[in-house]
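Structure at a glance
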Amino acid sequence: MMTRRQSVGLMALAPALLAASKIRLVVFDVGGTIIQDRGDVPEAFIGAFAKRGIAITPEEIAKVRGASKREVVRRFTAERSKTKGAELDKLAAGIYADFNARTIEAYRAVPPIDGAEAAFQKLRAQGILLAASTGFGHEIAASIFQRLGWEKYFTTVVTGDDVSEGRPAPFMIFRAMEAAKVTSVADVMAVGDTPLDLQAGTNAGARAVVGVLSGASKRERLEPEPHTDIIASVAALPELIASKY
C-alpha cells in the first residue's frame, strides 16, 4: 500500500513529469489552418441554401465556422424551412449534397497555407504524428488530401461524418488519438483558426491548444478563447514545439 509520504511525493513530481513529456500528436483543422481560406465555404453555404429559397447571411455562417457542416445544414434548414419529418430530412440532404459539390469544385484550386507542407515534413522527421480533423464530410476531405498528395503525412483524417457531434465537442480529437494510438491528452496539440477549434481542443484537455491567424479569425476573436498559443500560421509550428514543448 502506498504511504502518504509516497503519495505526496508523486503529486509533487506530476508537474515535472508533464513538463518532461513531449508532443506526440498534432491534430490540425483543415480549412484556414492548412488550406487557405478564400471565403469559398460561406459562399457554398449561401448558394446551396438560396437555391432552396432559404436565406442565410455571412455573419450567421461566421458564427459556426469550424462546426460540422452537416450539423450546420440541418440546423439552418430546421430553423428556416416549414418542412418537418421526412421532408425536412430530404431537404437537408439535398442542401448538404449541393454544398459538398460547390465546395469540392471551389477547392480544386485552393492552395495550401504557405509553409504547411514543410511544417508537416519537419514534424514527421521529429517523430511527431499528424492527424487532421475537419467539419467537412468524407467527400470534401478526400478531395483535398488526394489532390495535394498529403495522405502520406497523416495518420488519419477525422471528419464531421465520423462523430456523433462536431466541434466544440472534443470527439474528433479523441478519434484522432485512437487512430494514432496516443492515449494521453498530455501528448496532444490541437491547432485551428476558429473559436470552435480552440474550444474543442480545450474540451479535449489537450496539452497545447494553438490558434492560427491564417484563416477565418483575427487575433481579437481568438484571444478571448482558452488557448496556450496564437501564431501566424502552421509554418511556425515546428519552431514553437521545439522551443516550448
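Right above here is the structure, for reference.
Described in the following lines is the structure provided in the data block.

What counts, and at which threshold
- Residues numbered from 1 in each chain as written.
- Predicted model: local features only at pLDDT ≥ 70, side-chain atom pairs only at ≥ 80, totals over all residues.
- Heavy atoms only, no water.
- Helix = DSSP H or I, 4+ residues; strand = E, 2+ residues; numbered from the N terminus.
- Buried < 20%, exposed > 50% of the residue type's maximum accessible area, 1.4 Å probe, protein only.
- Contact = heavy atoms within 4.5 Å.
- Areas by Shrake-Rupley, 256 points an atom, 1.4 Å probe, with all protein chains shown as cover.
- Lys, Arg positive; Asp, Glu negative; His and termini not counted.
- Charge placed at Lys NZ, Arg CZ, Asp CG, Glu CD.
- Expected span 1.5 Å × (residues − 1).
- Arc of directions from axis to C-beta.
- Core = buried A, V, L, I, M, F, W, Y, C linked by side-chain atoms within 4.5 Å.
- Pairing = 2+ DSSP bridges.
- Right-handed = clockwise from strand over helix to strand, strands pointing away.

With that out of the way, let us pick up the overall build of the protein. When you go through the protein residue by residue, the secondary structure sums to 11 helices and 6 strands. With the C-alpha coordinates of the protein rotated into their principal frame, the extents come out at 70 × 40 × 35 Å. Per-residue burial over the protein gives 49% buried out of 245 residues. Of the contacts formed within the protein by residues at least 6 apart in sequence, a portion of 67% connects residues at least 24 apart. Taken as a whole, the protein presents about 11700 Å² of accessible surface, with 55% of it coming from carbon and sulfur. Where the 31 positive side-chain charges of the protein centre and where its 28 negative ones centre are 3 Å apart.

Compared with the 16 Å implied by 1.5 Å per residue over 12 residues, the 16 Å span of helix 4 (residues 69–80) between its first and last C-alpha is a close match. Listed in full, the buried residues belonging to helix 4 are K69, V72, V73, F76 and T77. Along helix 4, the residues classed as buried sweep out an arc of 120 degrees about the axis, all on the same side. Those residues of helix 4 that are buried lie in contact with helix 2 (40–50), helix 3 (58–62) and helix 5 (85–106).

Our focus in this paragraph is the nonpolar core. As a rule of thumb, nonpolar side chains are buried together in soluble globular proteins. One finds V26, F28, I34, W150, F154, M189 and L237 to be the most contacted residues of the largest nonpolar core, which totals 54 residues. Sort the elements by how many residues they give to this core and helix 5 lands first, with 6 residues. When sequence neighbours within four positions are dropped, the list of residues in contact with W150 reads I34, I35, P112, A116, E117, F120 and F145. Grouped together as the second largest cluster of nonpolar side chains are 20 residues, I173, V182, L222 and I230 included.

This part covers the pairing of strand 4 (residues 188–192). In terms of burial, strand 4 is a largely internal element, 5 of the 5 residues being buried. Burial along strand 4 is two-sided: V188, A190 and G192 facing one way and M189 and V191 facing the other are all buried. Across 4 bridges, the pairing between strand 1 (residues 25–28) and strand 4 is parallel. Paired with F28 across the bridge in strand 4 is V191. With 4 bridges connecting them, strand 4 and strand 5 (residues 208–212) associate as parallel partners. Pairing of A190 across the sheet is with V209, part of strand 5. As for the winding sense of the linkage, the β-α-β connection from strand 4 through helix 9 (residues 195–204) to strand 5 is right-handed.

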